[in-house]
Amino acid sequence: MEARKPVLNQKNEAVIRVKSAVPKNRQDLLKWNGWGYRDSKFIFDSAANEVRFTGQRYPIGDLRLPHLMGWVKENFDVDFSKPKKAQEVPPEEKFPKPQISPENLARITNLDISYSLKGLDRLIRAHGQTLHDIYTLRTSFFERIPDIVVWPTCHSDVVKLVRLADESDMVVIPFGGGTAVSGAVECPTGESRTIISLDTSQMNRILWIDRENLVACCESGIIGQDLERELRKLGFTSGHEPDSYEFSSLGGWVATRASGMKKNLYGNIEDLLVHVKMVTPKGVLEKNCQVPRLSCGPDFNHVIMGSEGSLGVITEVVIKVRPLPKCHRFGSIVFPDFEAGLACMREVARQRCQPSSIRLMDNGQFKFGMILKPESSYLGLILDGLKKFYVTKIKGFNVDTMCVMTLLFEGEEADVKAQEKKIYSIGLQFGGMPAGQTNGERGYMLTFVIAYIRDLALEYEIVAESFETSVPWDRALVLCKNVKEVIAQECRSQGIKYYMINCRVTQTYDAGCVIYFYLGFNHRDVENPVTVHEILETKARDEIIACGGSISHHHGVGKLRRRWYAGTVSQVGVDLYLATKKELDPKNIFATNNLIKAKL
Amino acid sequence: MCSSSRRYQDILAPRKTECSNFMWASRQLNPQVAFKQAKKPSPQYHKDEVVKCPKIQELLITLSEKEQVTKEVLEGRVRNILDEIGYNKKLKVVRWLAVVLTKICNRICSGIYLNEDAILQLKSQMGTCPVIFVPSHRSYADFILMSFMCFTEDVAIPAIAAGMDFHGMWGMGTVLRDTGAFFMRRSYNDDHLYWTTFKQYVYQLVTKGDLPLEFFIEGTRSRTNKSLTPKYGLILMILRAFFLSQVPDVLFVPINISYDRILEEKLFAFELLGIPKPKESTSGFFKSLSIVKEKFGSIYFDVAEPISAKKFFGPDLDRTLHNLQPIHMQEITDYEKKLIPSLAHEIVYKQQKHCIITTFNLLAIVLHNNLTSGRNLLSVDEIIDEILGLKKVIEKFGAYVFMDDPRKCVLEALEVHNNFVRVNEEGKVTLVWDEIVVGKVNVSKLKAHELSEKTITFSVPFMLLQIYINPTLHYFVDLAVLVLIVKHQRAQSQDELFANYHFLRSLLSQEFVTFNTREKMEFTSALAHAVDLNLLSRNQELYDLGENKQLEEIIYNCIDCFIFTYFVVCSVILELSRVIEEKTILAKVQEEIEIKINEGKGFIHPYSLSLDTITNCLNALAGQNVLTKSRKSGSVTYEINDTKVLFIKNRLEQYVTPAQVLQEKFESVQLHLKNKL
Ligand SMILES: Cc1cc2nc3c(=O)[nH]c(=O)nc-3n(C[C@H](O)[C@H](O)[C@H](O)COP(=O)(O)OP(=O)(O)OC[C@H]3O[C@@H](n4cnc5c(N)ncnc54)[C@H](O)[C@@H]3O)c2cc1C
């Protein structure tokens, strides 16, 4: 049933019609007001008085997590007897009526492109995954949601839609996987024109694979897990794995300049992208060749990458693929403290011998990882036991300062062996000790699971969010310290008693690294948790930038980080962007208001 | 700050009752550090880091090419410099010193008071960023007492920026170093390697140190017992780390240390007159300590709320300016330098507002007024009444007067200061002149004019008295200026009043430290107080003198002598050549004033001879570009703009007490003097 009738492309190969893991009716499989699959979530089992993770999709599924509750109680002073349930799906009549004229609706209908005016369809395409988004879904309603959702199935559908929107002055907001954490997907409030949410999910074929040049041409709506699954079947991988790759789309990656966990081996989206098409009101922006590099004036691919839906719709992307690596091994090293771990990361980068992935969790995250250990695998592993274990077994390590580096090696067996040897010996120079494959593997697995924890937290008055930055090596340590201190100070002045701020280094480069922060707090004592969170995150970002860090490494600007855009790119940069915008989209139909508030 | 909410504990009291100070001094310590570091840094670690840092290393490479010396030799030089600078930490010495100090304090002090709540509060805020203690500086004892206080309160003993004069004291230098002092050469030498090393050392302590830092923002001990204009050098070095975002914040803790009696009072009185002080030698220092038979009353610490650099500068400060280029190549911008004065002044302001007014401060005002205004001298009972009246007034301005039982306090104050204030045979409180003996003065060491022994003998008690009046003046000065204006010019509108106030207050800005941004506010509040106290009265749009003649007299007498000196300075420099050395001006002004004192035509307050006042005046004039100050090989010269000086002199002249009044005063003082001399 996958490909009913083989379609042949220009290269005389079969187009792969991908059956996506996520159905067109997203809400059938995914939560309408939280992260990920409906069947997968952390729940508090009051009968057993403990927390569990449901479903079988992830390795910790249906295992008891006996340490979690105690930890949460102690660190967040949570009262498990009083959950704050989220509101139910609003009934159809509660949704705002679609603001669309009969003429425009007729024009869309005439295009013969699938569409929906249903409230819930529109609501779940009105947001991304920021704390603000989820909190709003659980407790209130968005100021503005799209008026209509359309599902084009190919490039030419998009061309027609964009032309129609431009002619009839309707707004188009591209929607990929809806995983943005920058406010990029949200509708501009105060937009009086009809807003069309252009859902790319049905435009998800792999149009062709070029085995000689190792590239594949895909439609932009394909999501990460589908792409990987299909490529794997053919013995390839794209190697692009952002932590959201189960749900985020190729078009979204390009539009936000995404970065995957394994970028050391495969590169970030800008390294992977060979050719791209973007449909704008002025026509299609693309190049006439599929070459590895081009010296031809400023590279307009970089106008497309990071455009965040504001300049046009990305429809087709040619990306690099690689043969699947034979060997795939995890690893981990523990360090006495974060400073030592970071120094080791720096040295690895200096020697340019990074494995596929190398990450460093600080002490807070290290501990949290331990807390999430299911009982079945470790008997009675409470932190005190752990203390004894490490203090005695690994002499000189302090449980309250130590941290862990997780590693992923990929390649030929011999190459992996050589890499391991090198990394562990560098680790040793910085006082690190190998801590096994399982610890490493768990670390990566938890990355996917941790996204689910916020939904449970929200039930118990804890709000949580993450934010990231990139920073030169020499400023990294101070940046981490200062941001933590700023959060501590600000929590104090906001009257927040229970909070958590921790960080990890998630990527390394020649000239610097990426820091990823997690922030959460018990909001019992504050009036408006989302506003307070925004204040905290703003202070943190101000501090990040003062410490020489960036506005964002991969989450993008969206609406959330607009206030730092001009400072980052200079006023000339702003004007240049605006000029581009004016040229490509003179009527501002891609009125996402991302990057800067575009009043054209 | 509400004065009634202040509470103080005597931290010496437990030392007086416990059976062994030794036990206490050798107790297990768990001091609160300022900026917790992953690994506890050692004094040696700091020095090593400074040598290793890119800034120094790159400088050494450049220097070695320029001077044709190997880098190793230069590195040796840096290490030597660091050994001269660097602090040490020897717990044994600290404990030993604690014992000795307790013994001394128990003998000569009645108490060491501290607002302990503030320390507790501060301790709870410490640990996450550099903390800088910024005490007022009135005595050498400040150094040691600060450390003593920290030791008592279980706060990590700070690394203290000390002048090189201490370094020279044999024994004392080492002891101070071992308890955390680090040493800074006097400025005005431009040894590039030295200063780069020193700045880097401070930067190292701020960014990687865990101890609090301590420095005296006034730069030197104030000889007059009133605040000095803050210096910007060290605070800038400290803030560098914050401007470059290398620390999350910096907390400055203004601290006021007030003394019932300053150890060096006599020395200061002499110094203010220009009679050279003995070089700070160990013997000299101990000599001042060897007066252990004397009483020094109490010492008061008031720790103010910390000022967060981050909050203070707020969004005015754009730290992203330093995002390009490596950190060690970053230079502080001019804009950042311009931000410093406001913070420095805020710290001094807080120090002032946290001062403790002692019984003797008030007694000094009353006695001074009696002496110079032809009043009868007062008995102890009478003086208590007046002190209580004055206490009420000064408390209105937010001052905190440390006085529980007035009689007890007054008697104690008289006992403590009985070297120059006593109750005479008639039971009246008065100054003592006869016991001051001036030895032979080495003329070559004089700072200014050679005053006659007669003048000195006459002046010293007045100088001493003024030293104890001075700490109260920042409460009165704005009021005094208003009274002065109206008294000499008659009723005027608020605008006129402000214009005149602005003129005088800016001229006195070094004398009574103030920062222009506060001017309007202080004017308004002083005016309101003046009306409230009936010093001025408002008649429709005009302000005239009020009915409160007694207070008017007291307040007027407070700044009278300053105005006089400023006037003489202007007159004198007009008669000198266009470019003059500072020393010449000082001598000339003193000479002029001495003549006037001895002429017998009117009472000239001996404090008018104060070199401090003269220099303040010169600095204020230079600040207003009336004079141009320059420094050549250690000596200061001024270039004079005659027209501008003349203008100021004429304007000042209106405020100088008329001859006839001076004559009356003269007679009254003579009367009192005759009794004694
Ligand atoms: C749990 C979690 C983990 C994450 N981990 C990572 C990570 O490791 N690395 C990373 O880079 N990001 C990560 N993100 C952020 C997010 O997944 C990425 O920004 C991702 O690229 C967004 O893709 P999407 O398809 O979901 O786009 P959406 O959220 O649907 O859209 C994002 C923006 O792109 C525009 N857009 C989408 N598709 C198109 C198109 N075809 N043409 C034009 N514009 C389009 C939208 O209008 C919007 O402005 C994570 C997010 C979450 C919630």
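Residues numbered from 1 in each chain as written. Chains lettered and ligands numbered in written order. Predicted model: local features only at pLDDT ≥ 70, side-chain atom pairs only at ≥ 80, totals over all residues. Heavy atoms only, no water.

Asks: Got a minute to help me understand the overall build of chain A in this structure?
Replies: Across its full length, chain A carries 18 helices and 21 strands. By the burial criterion, 61% of the 600 residues in chain A qualify as buried. Sequence-distant contacts, at least 24 apart, represent 75% of the contacts inside chain A between residues at least 6 apart. In the form shown here, chain A has an accessible surface area of approximately 24,500 Å², with 53% of it arising from carbon and sulfur atoms. Between the averaged position of the 77 positive side-chain charges in chain A and that of its 72 negative side-chain charges there is a distance of 1 Å. (Helix = DSSP H or I, 4+ residues; strand = E, 2+ residues; numbered from the N terminus. Buried < 20%, exposed > 50% of the residue type's maximum accessible area, 1.4 Å probe, protein only. Contact = heavy atoms within 4.5 Å. Areas by Shrake-Rupley, 256 points an atom, 1.4 Å probe, with all protein chains shown as cover. Lys, Arg positive; Asp, Glu negative; His and termini not counted. Charge placed at Lys NZ, Arg CZ, Asp CG, Glu CD.)

Asks: Is there a simple way to explain the domain arrangement of chain B in this structure?
Replies: Frequently, the measure chosen for interface size is the accessible area that the parts lose on association. All names here are of chain B. With domains assigned, chain B is organised as domain 1 (9-26 + 38-289 + 297-353) and domain 2 (358-471). For domain 1 and domain 2, the distance between their C-alpha centres works out to 33 Å. With 23 residues of domain 1 in contact, the opposing surface of domain 2 contributes 23 residues. The junction of domain 1 with domain 2 conceals about 2,100 Å² of combined surface from both sides, 67% of it contributed by carbon and sulfur atoms. On inspection of domain 1 and its partner domain 2, the count reaches zero salt bridges. Scanning the region where domain 1 abuts domain 2 turns up eight residue pairs in polar contact (both at pLDDT 80 or more). When residues in the side of domain 1 that touches domain 2 are grouped by element, the largest group, eight residues, is from helix H13 (residues 265-273). (Domains from an automatic or database assignment. Buried area = accessible area lost by both parts, 1.4 Å probe. Salt bridge = Lys/Arg side-chain N within 4 Å of Asp/Glu carboxyl O. Polar contact = N/O pair within 3.5 Å; in protein donor to acceptor, adjacent residues only side chain to side chain.)

Asks: Would you take a moment to explain the pairing of strand E2 (residues 111-114) of chain B for this structure?
Replies: Remember that side chains alternate between the two faces of the sheet whenever the strand is regular. Residues and elements named next belong to chain B. Burial along E2 is two-sided: the residues Gly111 and Tyr113 and Ile112 and Leu114 are all buried. As defined by bridge partners, strand E1 (residues 9-10) adjoins E2 across two bridges and the pair is classed as antiparallel. If you follow glutamine 9 over to E2, its bridge partner there is leucine 114. Sheet topology places E2 next to strand E8 (residues 298-303); four bridges connect them, and they run parallel. Bridge pairing in E8 links glycine 111 to serine 298. (Pairing = 2+ DSSP bridges.)

Asks: Which parts of the structure should I look at to understand the packing of helix H4 (residues 54-67) of chain B against helix H5 (residues 71-85) of chain B?
Replies: In a pair of packed helices, the angle between the axes and the distance between the axes together describe the arrangement. Residues and elements named next belong to chain B. Put simply, H4 and H5 touch, their axes get as near as 9 Å, and they point 125 degrees apart. On the basis of their axis angle, the class for H4 and H5 is oblique. Crossing hand, H4 versus H5: right-handed. Residues Ile56, Gln57, Leu60, Ile61, Leu63, Ser64 and Glu67 of H4 form the contact with H5, whose participating residues are Lys71, Leu74, Glu75, Arg77 and Val78. (Axes fitted to C-alpha atoms, helices over the stretch in contact; angles between N-to-C directions. Parallel < 35°, antiparallel > 145°, perpendicular 65-115°, else oblique. Left-handed = near helix turned anticlockwise from the far one by under 90°.)

Asks: Which parts of the structure should I look at to understand the interface of chain A and chain B?
Replies: With 15 residues of chain A at the interface, the matching set in chain B holds 19 residues. When the two sides are added together, the surface that chain A and chain B hide from each other amounts to roughly 1,300 Å², 41% of it contributed by carbon and sulfur. Counting the surface chain A buries against chain B, the share from its top three residues, A:Arg475, A:Glu485 and A:Ala546, is 36%. Taken together, the connections running from chain A to chain B amount to three salt bridges. At the boundary of chain A with chain B, the tally comes to 10 residue pairs in polar contact (both at pLDDT 80 or more). Sorting elements by how many residues they give to the side of chain A that touches chain B places helix H16 (residues 473-494) of chain A first, with eight residues. Taken together, the residues of the side of chain A that touches chain B sort by class into five nonpolar, three polar and seven charged. (Nonpolar A, V, L, I, M, F, W, Y, C, P; charged D, E, K, R; others polar.)

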